[in-house]
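Observations on chain architecture
Single-letter residue listing:
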Amino acid sequence: MSMVDDIKKKAQSKLMTIVLPEGDEPRTVQAAKIIKDEGLAKPVLLGNKEAVLNQAKETGTDITGIEIIDPLTSNKAKEYAGQLYELRKAKGVTEEDAAKLVQDVMYYGIMMVKTGDADGLVSGAVHTTGDMLRPALQIIKTKPGIKVVSSSFLMDCPNKNLGHNGLLVYADCVVMPNPTADELAEIGISAADTAKRLCGIDEPKVAFLSFSTKGSAKHELVTKVQQAVAKAHELAPDLCLDGEMQFDAALVPEIGASKAKGSPVAGHANVLIFPDLQAGNIGYKITQRIGGAECFAVLQGLAKPCNDLSRGCSVDDIVNTVAFTAVQAQ
Ligand code: ACO
């Protein structure tokens, strides 16, 4: 069974409510119908009701039974504005600001998740990563004990000898442009948790990547990764992790054995932690475009799940991301 089929099966086992703020966007409308029909989640579409219904008509999609909420006319808007004001007044948000913000589909959707009216949110077919991430970071905040929100890319590679039957988890490829050593340590721990919960990788082997393996090069960038490894050991003593190491040392058993002798991770890593966002973002795209891997991004560390799409996403991408989000919410 593929990773996506497995996730869909899990999503169907307990129905979660997932809000789609881009309700008047054609791919989102079509995805909502599939999500409902396959029982992956209860989708809620946000937007002007007429605009949503028009999209449904134009795409030939029957969305009977799918809830549509217009933030401009919703009777919950006042309550959400009050709560948003309380949450953000210390940051200078006034009551007027809050009332205006909840008219925005993204803030309205985030408030639905915050208050428990929805279990998770998926957007990004129209909005940028930052458009969704900023309100999520400001309002939903991190899980208890976690300081940093980051992301994992779940890479399903054609070469099934790699990682866990071809599955590799890459982090962080979306959120933290230049994490400190402590933040990088936390990204590694969160990615291992994502590997367990979403990929069925019971024993994550976490490699902290660098252009150096075990001190082969000396540079402040290498030192940061070494410090992250030390911190991660301190924070998660039972987690199988190691570094710093090069990409090939992490994945190829012979190279791992020669460059990082005795490492419990080298040559067999299934979770790869990139030193910064440039490396991570470029790395996942190389694996996808040249390596032919299928990939799915999830955010990790938020108190409740919100996930981002690429603006070039397909209807299936939206359906799959909703399934991942529903499983995170379970
Ligand atoms: N974890 C937890 N909290 C965070 C994080 C984080 N990683 N980053 C910011 N915050 C908090 C801040 O503490 C702040 O909280 P507060 O307002 O309560 O004090 C709040 O979030 C907003 O912080 P800002 O500094 O105002 O937000 P910023 O402008 O830095 O934006 C963002 C944060 C959007 C995540 C930014 O770091 C960013 O743009 N990252 C890159 C996103 C991106 O473009 N990714 C690549 C493309 S995606 C792709 O290719 C798939």
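Just so you know, these numbers come straight off a predicted model, no measurement behind them.

Moving on: the overall build of the protein. A count of helical and extended segments in the protein gives 13 helices and 11 strands. Over its C-alpha trace the protein gives a radius of gyration of 21 Å, about what one expects of a compact globule, namely 20 Å for 330 residues. Viewed in the frame of its principal axes, the protein has a C-alpha envelope of about 65 × 45 × 30 Å. Across the 330 residues of the protein, 51% fall into the buried class. In the protein, the proportion of contacts linking residues at least 24 apart, taken out of those at least 6 apart, comes to 71%. When the accessible surface of the protein is summed, it comes to about 14800 Å², and 50% of that surface belongs to carbon and sulfur atoms.

Taken together, 22 residues lie near the ligand, and Arg88, Lys91, Lys141, Val149 and Val174 sit nearest. Contact distances for the ligand include 2.7 Å between a nitrogen atom and a backbone N or O atom of Val174. Those elements giving two or more residues to the shell around the ligand turn out to be helix H7 (129–140) and helix H12 (277–289). Top contributing element to the shell around the ligand by residue count: H7, with 6 residues. Residues that form the shell around the ligand fall into these classes: 11 nonpolar, 5 polar and 6 charged.

For Ser74, the position within the fold is in the loop between strand S3 (67–69) and helix H4 (77–88). Taking relative accessible area as the criterion, Ser74 reaches 16% and is therefore assigned buried.

Okay, the nonpolar core next. Counting 91 residues, the largest nonpolar core has Met112, Phe208 and Ile273 as the members making the most contacts within it. It is helix H8 (residues 181–199) that contributes the most residues to this core, 9 residues altogether. Residue contributions to this core reach at least three from each of two domains, namely domain 1 (3–141 + 302–329) and domain 2 (150–297). Ignoring any residue separated from it by four or fewer positions in sequence, one finds Met112 in contact with Val19, Val44, Leu46, Ile69, Tyr80, Asp117 and Ala118. Core analysis: the second largest hydrophobic core is formed by 21 residues, Met245, Leu251, Ala266 and Ala269 among them.

Counted according to the given criterion, the structure contains 4 aromatic pairs. Ring plane angle 70° and centroid distance 4.9 Å describe the contact between Tyr80 and Tyr108, whose orientation is recorded as edge-to-face. Residue Tyr80 is located in helix H4, and its partner Tyr108 is located in helix H6 (residues 105–115); the two are separated by 28 residues in the primary sequence. The burial state of Tyr80 is the same as that of Tyr108; both residues are buried.

The subject of this paragraph is empty space enclosed by the protein. One pass over the full model with this rule turns up 2 cavities of 30 Å³ or more. There is about 40 Å³ of room inside the largest cavity. Taken together, Ser151, Val174, Ala297, Val298, Leu299, Asn307 and Asp308 make up the lining of the largest cavity. Among the elements of the structure, strand S10 (294–300) and strand S11 (306–308) are those that each provide at least two residues to the lining of the largest cavity. For the lining of the largest cavity, the element with the most residues is S10, which contributes 3 residues. For the second largest cavity, the calculated volume is near 30 Å³.

This part is about the pattern of salt bridges. According to the stated counting rule, one finds 13 salt bridges in the structure shown. Across the salt bridge formed by Asp117 and Lys76, the nearest N and O atoms sit 3.0 Å from each other. Taken together, the positions of Asp117 in the loop between H6 and strand S4 (120–123) and Lys76 in the loop between S3 and H4 put the pair 41 residues apart, joining distant regions of the chain. Taking the relative accessible area as the measure of exposure, Asp117 reaches 30% and is therefore partly exposed. Taking relative accessible area as the criterion, Lys76 reaches 27% and is therefore assigned partly exposed. Overlapping salt bridges, with partners in common, bring together Lys76, Glu79 and Asp117 in one network.

The next point concerns the sheet that holds S11. Reading across from one edge, S3-S2-S1-S4-S11 is the order of the 5 strands in this open sheet, with parallel pairing throughout. Only two strands of the sheet have a single partner each, and these edge strands are S3 and S11. Across the sheet, the axes of successive neighbouring strands diverge by a mean angle of 25°, strand direction being ignored. The sheet contact formed by S4 and S11 spans 3 bridges and is parallel. Counterpart to Val122 in the pairing with S11 is Asn307. Against the sheet, H6 contacts strand S1 (17–20), strand S2 (42–46), S3, S4 and S11, and its axis sits at roughly 155° relative to S4.

Parameters at a glance
- Residues numbered from 1 in each chain as written.
- Predicted model: local features only at pLDDT ≥ 70, side-chain atom pairs only at ≥ 80, totals over all residues.
- Heavy atoms only, no water.
- Helix = DSSP H or I, 4+ residues; strand = E, 2+ residues; numbered from the N terminus.
- Rg over C-alpha atoms; globule rule 2.2 N^0.38 Å.
- Buried < 20%, exposed > 50% of the residue type's maximum accessible area, 1.4 Å probe, protein only.
- Contact = heavy atoms within 4.5 Å.
- Areas by Shrake-Rupley, 256 points an atom, 1.4 Å probe, with all protein chains shown as cover.
- Near = heavy atom within 4 Å.
- Polar contact = N/O pair within 3.5 Å; in protein donor to acceptor, adjacent residues only side chain to side chain.
- Nonpolar A, V, L, I, M, F, W, Y, C, P; charged D, E, K, R; others polar.
- Core = buried A, V, L, I, M, F, W, Y, C linked by side-chain atoms within 4.5 Å.
- Domains from an automatic or database assignment.
- Phe/Tyr/Trp six-rings, centres within 6.5 Å; stacked < 30°, edge-to-face > 60°.
- 1 Å grid on protein atoms, 1.4 Å probe; cavity = no way out; pocket = protein on both sides within 12 Å on 5 of 7 lines; lining within 4 Å.
- Points joined across faces, edges and corners; volume = space filled by probe spheres on them.
- Salt bridge = Lys/Arg side-chain N within 4 Å of Asp/Glu carboxyl O.
- Pairing = 2+ DSSP bridges.
- Axes fitted to C-alpha atoms, helices over the stretch in contact; angles between N-to-C directions.

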